[in-house]
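Residues per chain, in single letters:
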Amino acid sequence: MSAAGRARAAPQRRRHEAPSALVVIDMINALDFAGGAALLRSALPCARRIALLKSRVSALGLPVIYANDNYGQWRSDFRQVVAACAQEGSRGAALARLLQPQPDDYFVLKPQHSAFHGTPLERLLADLGVRRLILTGIAADSCVLATALAAHMRGYSLYVPTDCVAAESPARKRRSLDLLRVSFQVDTRRAAWITRRELVAA
């Protein structure tokens, strides 16, 4: 079932129950492209920290949403993407295994950089009542940045924890986070510094 379909199938969830959502961007990834090996070096420790953050968020009953490339396969579904990326020989297998989606997680498959472009993400967030997003994943200077800008234009409150995003080089990550923090007032504190009260505040 699609993410939007799952949201419609769960009318018992009330808007005030999910003020925040964790969005995991492109971490289910084969990394089979030029620069993939360099990205893996920073993405692997990042994945471990996202897994810890996901545990915190899930324990509070807040939604976790995977936003992942569809790799141009319009007939694929997320289960197929996870299976392909986690298989032996995939460069990104360790990431997929660390961040294995759970049955109650949501997902959207995106055709381009932003998780909002051409996806039901905005409708899903509206159905869940979410107004605050914690954006994590790869790459900080492309898909995370594009999603953050799209979310900012839609009025969402944003966290982009510096230790939960990765890029092919420290400089690329730093430039992207500096842009978000200085020009768009995005909160880029480390994940551990985001308090429970901030996550659950309406």
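As shown above, the structure is provided for reference.
## A word on the packing of helix H6 (residues 143–153) against helix H7 (residues 170–184)
Two measures define how a pair of helices packs: the angle their axes make with one another and the distance between the axes.
Item 1. Between H6 and H7, the least distance of the axes is 11 Å, while the angle of their chain directions is 15°. Relative to H7, the element H6 lies roughly parallel. Crossing hand, H6 versus H7: right-handed. Across the interface between the two elements, Leu145, Ala148, Leu149 and His152 from H6 touch Ser176, Leu179, Leu180 and Phe184 from H7.

## Some remarks on the side chain of lysine 173
Item 1. As for its placement among the helices and strands, lysine 173 is situated in helix H7.
Item 2. With near-sequence residues (within four places) excluded, lysine 173 lies in contact with Ala140, Thr162, Asp163, Val165 and Ala167.

## Things to note about unusual backbone geometry
Item 1. Cis geometry marks the peptide bond from isoleucine 138 to alanine 139; its omega dihedral reads -15°.
Item 2. Relative to the helices and strands, alanine 139 is located in the loop between strand S4 (132–138) and H6.
Item 3. Phi angles above zero are rare outside glycine, and glutamine 185 is one such case at about 55°.
Item 4. For glutamine 185, the position within the fold is in the loop between H7 and helix H8 (196–200).

## Things to note about the state of the cysteines
Among covalent bonds in proteins, the disulfide is the one between the sulfur atoms of two cysteines.
Item 1. One pass over the structure, following the stated rule, counts zero disulfides.
Item 2. In this structure cysteine 46 is not part of a disulfide, and its nearest cysteine sulfur, from cysteine 164, lies 5.8 Å away.
Item 3. On the basis of relative accessible area, cysteine 46 is assigned to the buried category, the value being 0%.

## A look at the pattern of salt bridges
Item 1. According to the stated counting rule, one finds twelve salt bridges in the structure shown.
Item 2. Taking the shortest distance from any N to any O, the salt bridge between glutamate 122 and arginine 154 comes out at 3.0 Å. Pair noted here: glutamate 122 is in helix H5 (residues 121–128) and arginine 154 is in the loop between H6 and strand S5 (157–159), with a separation of 32 residues, a long-range link.
Item 3. Between glutamate 198 and arginine 189 there is a salt bridge, with the nearest N and O atoms lying 2.9 Å from each other.
Item 4. Here the salt bridges share partners, and the residues they tie into one network are Asp26, Asp69 and Lys110.

## Description of the pairing of strand S1 (residues 20–25)
Item 1. The element S1 is largely enclosed, with a buried count of six among its six residues.
Item 2. Burial along S1 is two-sided: Ser20, Leu22 and Val24 and Ala21, Val23 and Ile25, pointing in opposite directions, are all buried.
Item 3. Summarising the sheet, S1 and S4 pair through six bridges and their orientation is parallel. Its bridge partner being in S4, valine 23 is matched across the sheet by leucine 135.
Item 4. Where S1 meets strand S2 (residues 64–69), four bridges bridge the pair, whose relative direction is parallel. What sits directly across from isoleucine 25, in S2, is alanine 67.

## Remarks on the nonpolar core
Item 1. Val24, Met27, Ile28, Tyr66, Phe78 and Ile138 are the most contacted members of the largest nonpolar core, which totals 35 residues.
Item 2. For this core, the secondary-structure elements that each account for two or more residues are S1, helix H2 (36–59), S2, helix H3 (78–86), helix H4 (93–98), strand S3 (106–110) and S4.
Item 3. Ranked by residue count, the leading element in this core is H2, at seven residues.
Item 4. With sequence-adjacent residues up to four places away left out, phenylalanine 78 is seen in contact with Ile28, Tyr66, Asn68, Pro101, Phe107 and Leu109.
Item 5. Membership of the second largest hydrophobic core comes to 32 residues, among which are Ile65, Ala115, Leu125 and Cys143.

Rules used throughout
Residues numbered from 1 in each chain as written. Predicted model: local features only at pLDDT ≥ 70, side-chain atom pairs only at ≥ 80, totals over all residues. Heavy atoms only, no water. Axes fitted to C-alpha atoms, helices over the stretch in contact; angles between N-to-C directions. Helix = DSSP H or I, 4+ residues; strand = E, 2+ residues; numbered from the N terminus. Parallel < 35°, antiparallel > 145°, perpendicular 65-115°, else oblique. Left-handed = near helix turned anticlockwise from the far one by under 90°. Contact = heavy atoms within 4.5 Å. Disulfide = S-S within 2.5 Å. Buried < 20%, exposed > 50% of the residue type's maximum accessible area, 1.4 Å probe, protein only. Salt bridge = Lys/Arg side-chain N within 4 Å of Asp/Glu carboxyl O. Pairing = 2+ DSSP bridges. Core = buried A, V, L, I, M, F, W, Y, C linked by side-chain atoms within 4.5 Å.

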